[in-house]
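# Working through the structure, step by step
Each chain is listed here by its residues.
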Amino acid sequence: MTTDNRQMWAELGIDLKKHDMLMNALPPIYKEIYLSQKNRPQGMGFFDFVVGDIHGIRVQELRQDAKNGTIVVATYCVFVPDEIVLAADAIPVGLCAGTQFSVPIAEEVLPRNTCALIKSSFGFKLGRICPYVQTSHLIVGETTCDGKKKMFEILAEYHPVYIMEVPNKKTQRSRDLWRGEVLAFKEVIEKKTGNKITADRLIKSTRLVNDRRRALQRLYNTRKANPVPISGKDALLATQVSFYDDVSRCIKQVNALCDEVEKRIANGEGVFPAKTPRVLISGSPMAIPNWKLHHILETAGAAVVCEESCIGTRMFSDLVPEKGGTVEEQLKAIADRYMQIHCACFTPNDERLDDIVRLAREYKVDGVVHYNLQFCHTYANEAVKVEKALAKEGIPLLRVETDYSDEDAGQLRTRVDAFLEMIRR
Ligand code: BJ8
């Protein structure tokens with residue numbers, strides 16, 4: 001930790017004592033979960049560096065941009081269109097909400113029976129331990145689930161917050177509502193930045209965000225190979241980092257990683273033996289540093305080969321058509337693309353069931369683990385339908401409900417062991 005960083009954190013109003021505790025806790029966990037893996041691609045070195053310096057260089061960059069007048073827009077959901085933020089020369093930053101550390105802080109205010117993702121994100125602000133939150137000029141929330149929606153109301157007492165209304169159905173009326181929301185968001189961002197979003201800026205930012213999606217698609221495609229050339233933990237980390245890293249740098253680093261990993265495939269090289277059981281994880285997003293389930297699965301002898309999640313395929317599967325056109329035409333294309341995210345907050349949401357079955361086939365998995373954050377009722381209830389859809393296709397399923405603490409790690413391991421025993425070929 002450099003003196004420069006400490007000074008920057010102090011200027012940002014960070015609670016240095018709590019922050020030190022968080023920063024001291026991360027390295028041993030990372031060493032155990034990540035650095036203990038064998039035969040990792042060298043390209044993961046960049047991502048190791050990013051985590052090792054998680055509140056350093058990237059925050060310094062954002063601070064410098066902010067000092068030069070750039071607006072930093074923080075988000076918690078893949079429904080918030082980065083294209084619009086970038087087209088106004090602002091910087092989008094996906095906030096992490098994946099640590100147990102900030103949960104007890106949030107529980108001083110929020111009900112305990114709230115999902116860990118909501119508590120973790122709120123705790124970061126309440127405890128003043130996240131320099132990304134502190135650097136941001138605006139947090140953009142959404143009306144996806146009830147817990148998040150009401151948390152954002154409370155968060156607005158501590159930080160500027162703007163809420164986008166995400167509809168709950170996929171009818172034409174809902175699409176029209178969402179198009180209106182995207183248009184309103186463009187106006188909010190223009191006002192906040194003082195920059196006009198032109199058709200030219202919008203097509204450029206659309207291409208850029210699509211390039212990030214293409215890079216992640218490329219990475220995930222490599223995971224279809226057998227033996228799998230990269231661990232699930234490493235692929236998850238690259239996806240997690242892509243939420244807050246500079247977009248152009250992220251594209252470059254993910255593509256460099258893909259170059260290396262594709263060579264491994266050509267050489268028949270893998271990180272796990274070819275007969276390793278292949279698992280798809282589906283469900284609630286895993287924000288950084290939530291690596292718990294991947295770690296349990298991969299140390300129990302499985303390979304996680306895909307995540308049907310917002311920190312996974314839901315983030316990058318669909319591109320915005322790059323047809324250009326007027327600002328209004330492009331915003332419509334952007335809005336329509338985002339309506340293809342099959343979050344469990346929609347009813348009905350059968351497209352997600354189709355996605356899970358399709359991905360299970362494409363990634364040739366031996367089983368699916370449905371990951372549900374405790375108290376997330378949307379995903380928990382949708383899991384009933386997921387179970388039926390997979391049973392119909394003869395695909396084994398393990399349903400897991402957990403939080404960010406390690407209290408249930410032993411019990412989870414026992415269940416994972418039994419599941420792997422069942423699906424082992
Ligand atoms: S589009 S999945 S990122 S809302 S896990 S907070 S749903 S109680 S995170 Fe999500 Fe957007 Fe949907 Fe994706 Fe609520 Fe459930 Fe918690 Fe969740």
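Every value quoted in this text rests on a predicted model; they were computed, and no experiment measured them. (Residues numbered from 1 in each chain as written. Predicted model: local features only at pLDDT ≥ 70, side-chain atom pairs only at ≥ 80, totals over all residues. Heavy atoms only, no water.)

Let us look at the overall build of the protein chain. When you go through the protein chain residue by residue, the secondary structure sums to 19 helices and eight strands. A compact globule built from 425 residues should have a C-alpha radius of gyration of about 22 Å, and the protein chain, at 21 Å, falls within 12% of that. For the protein chain, the spread of C-alpha atoms along the three principal axes comes to 60 × 50 × 45 Å. For the protein chain, with 425 residues in total, the buried portion stands at 59%. Counted over contacts in the protein chain with a minimum sequence separation of 6, partners at least 24 positions apart contribute 76%. Summed over its atoms, the accessible surface of the protein chain is roughly 17,300 Å², and 52% of this surface lies on carbon and sulfur atoms. Across the protein chain, 58 positive and 56 negative side-chain charges occur, with their mean positions spaced 2 Å apart. (Helix = DSSP H or I, 4+ residues; strand = E, 2+ residues; numbered from the N terminus. Rg over C-alpha atoms; globule rule 2.2 N^0.38 Å. Buried < 20%, exposed > 50% of the residue type's maximum accessible area, 1.4 Å probe, protein only. Contact = heavy atoms within 4.5 Å. Areas by Shrake-Rupley, 256 points an atom, 1.4 Å probe, with all protein chains shown as cover. Lys, Arg positive; Asp, Glu negative; His and termini not counted. Charge placed at Lys NZ, Arg CZ, Asp CG, Glu CD.)

With that settled, the discussion passes to unusual backbone geometry. Along the chain, Asn226 connects to Pro227 via a cis peptide bond; the corresponding omega equals 5°. Note that Pro227 resides in the loop between helix 11 (199–222) and helix 12 (232–241). Put simply, Thr347 and Pro348 share a cis peptide bond, and its omega is -15°. One non-glycine residue, Asn39, adopts positive backbone phi at about 60°. Take Asn39: it is sitting in the loop between helix 2 (16–35) and helix 3 (44–52). Here the phi dihedral of Phe375 falls at roughly 75°; this positive angle occurs in a residue that is not glycine. Tracing the backbone shows Phe375 in the loop between strand 7 (367–373) and helix 18 (377–393).

Taken as a whole and assessed by the stated rule, the structure comprises 41 salt bridges. In this structure, Arg213 and Glu83 form a salt bridge, with 2.9 Å as the shortest nitrogen-oxygen distance. Taken together, the residues span a long stretch of sequence, with Arg213 in helix 11 and Glu83 in helix 5 (residues 82–87) at a distance of 130 residues. When its relative accessible area of 0% is taken as the criterion, Glu83 is described as buried. With a closest N to O distance of 2.8 Å, Glu262 and Arg218 form a salt bridge. (Salt bridge = Lys/Arg side-chain N within 4 Å of Asp/Glu carboxyl O.)

No statement about biological role is implied by the geometric values presented.
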